[in-house]
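Here are the chains, one letter per residue:
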Amino acid sequence: MAAVYKSLSKSSSSQKAEAPANGVRKNKQRVLILSSRGVTFRHRHLLNDLAAMLPHGRKDAKFDSKSKLYQLNELAELYNCNNVMFFEARKGQDLYIWLSKVPNGPTVKMHLQNLHTMDELNFTGNCLKGSRPVLSFDSAFEQQPHLRVIKELFLHTFGVPQGARKSKPFVDHVMGFTFADGKIWVRNYQINEVEAGKGAADEEAAAAAAASKGRGGKETDISLIEIGPRFVLTPIIIQEGSFGGPILYENKEFVSPNQVRADLRRKSASRHNARAEQQVERLARHGDLGLRTSGGKKAAADALDARELFA
């Protein structure tokens, strides 16, 4: 009997071990959301908007260091998170966003610009807090290898897994990611369902309404209403590891905002220098011609001038 019991216990334990592999695997994703010091109020509002949209996220206090980003791996492990969304502020005006897959990577760094929060946009759309989004990607994300990596990171970060912590069993908004002009344009829309009118004169409209019948048998018209926030991301680098490792991709067309501001200052300084040189040359020509003008009129002759002394 003991041998039979041991054999049965071994078979049952092996079946329990194989059950999760053969059954439906649960997608466990948790995102650590935090920022560096020096963020502005608009950056903080964007972080709060994204944290409200990610029920599987864990918001943390500000991170002190901007050079030792590898410490975020230990922080994510401490909070049992396998994704990190880090906002890095530079000079109180530039914002960079890091998306990393902890602990083995990869990591992408992007420059965030054209930022508009929910409070600024004040759109009429609204969605349930904690609902799951539909992630819509442009076809360009399948054409280049680095865009496929970025798409996968977006899926793990913004895709709310089913049955996640604080999530609701509803899908009522769409996050759109579009790649154009070397930048990623991010938009958020509400899925609005309105009961269609009963008297549909147009046959095409009636056919479309019939195709969009709900579960209850009612005809509904589905439309998208923008909610916000909206922003634009410019990929800079992709690293193999989590906040470190060799660089897999580098955007050669990216120009740092510091360089842009320096070029503008240099251009304005060159204009000022050109005007100063023109003024010096004008005075030198007037001196050679014996013209000492003040306000466009010829000034009185100097008694100690060489022309007056040796006339």
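As the structure is a computational prediction, the values presented were derived from the model and not from experiment.

Peer 1: Can you help me understand the packing of aromatic side chains in this one?
Peer 2: The way to describe two aromatic rings as a pair is by their centre distance and the angle between their planes. Using the criterion set out here, one finds seven aromatic pairs in the structure. Geometrically, the ring pair formed by F137 and F177 is stacked, given 4.9 Å between the ring centres and 15 degrees between the ring planes. Taken as a pair, F137 in strand 6 (residues 132-137) and F177 in strand 7 (residues 171-180) lie far apart in primary sequence, 40 residues in all. Taking the relative accessible area as the measure of exposure, F137 reaches 18% and is therefore buried. Feature note: the residues F137, F141, F154, F158 and F177 constitute an aromatic cluster, connected by ring pairs. Sitting above the plane of the Y79 ring, R58 keeps its charged end 4.0 Å from the centroid.

Peer 1: Quick question: what am I supposed to make of the pairing of strand 6 here?
Peer 2: Two faces, one strand: in a regular strand the side chains alternate between the faces of the sheet. Side chains of strand 6 alternate between two faces, with P133, L135 and F137 buried and R132, V134 and S136 left unburied. Viewed along the sheet, the connection from strand 6 through helix 5 (residues 145-158) into strand 7 turns out left-handed.

Peer 1: So what exactly am I meant to see when it comes to a nonpolar patch on the surface here?
Peer 2: Together, V255, V260 and L264 give the surface a local cluster of nonpolar side chains, amounting to about 260 Å² of exposed area. Within the secondary structure, V255 is located in the loop between strand 11 (247-250) and helix 7 (257-288).

Peer 1: What is the right way to look at the pairing of strand 5 (residues 107-116) in this model?
Peer 2: For strand 5, the tally of buried residues reaches seven of ten residues, placing the bulk of the element in the interior. Between the end of strand 4 (residues 94-101) and the start of strand 5, which pair antiparallel, lie five residues, with G105 showing a positive phi angle near 90 degrees. Direction of pairing for strand 5 relative to strand 10 (residues 230-239): antiparallel, over a ladder of eight bridges. Residue T107 lies in a different strand from strand 10, and its bridge partner there is Q239.

Quick notes on the rules
- Residues numbered from 1 in each chain as written.
- Predicted model: local features only at pLDDT ≥ 70, side-chain atom pairs only at ≥ 80, totals over all residues.
- Heavy atoms only, no water.
- Phe/Tyr/Trp six-rings, centres within 6.5 Å; stacked < 30°, edge-to-face > 60°.
- Helix = DSSP H or I, 4+ residues; strand = E, 2+ residues; numbered from the N terminus.
- Buried < 20%, exposed > 50% of the residue type's maximum accessible area, 1.4 Å probe, protein only.
- Lys NZ or Arg CZ within 6 Å of the ring centre and 35° of its normal.
- Right-handed = clockwise from strand over helix to strand, strands pointing away.
- Patch = residues over 30% accessible without salt bridge, like charges linked within 9 Å, V, L, I, M, F, W, Y side chains within 5 Å.
- Areas by Shrake-Rupley, 256 points an atom, 1.4 Å probe, with all protein chains shown as cover.
- Salt bridge = Lys/Arg side-chain N within 4 Å of Asp/Glu carboxyl O.
- Pairing = 2+ DSSP bridges.

These figures come from the coordinates and say nothing about function on their own.
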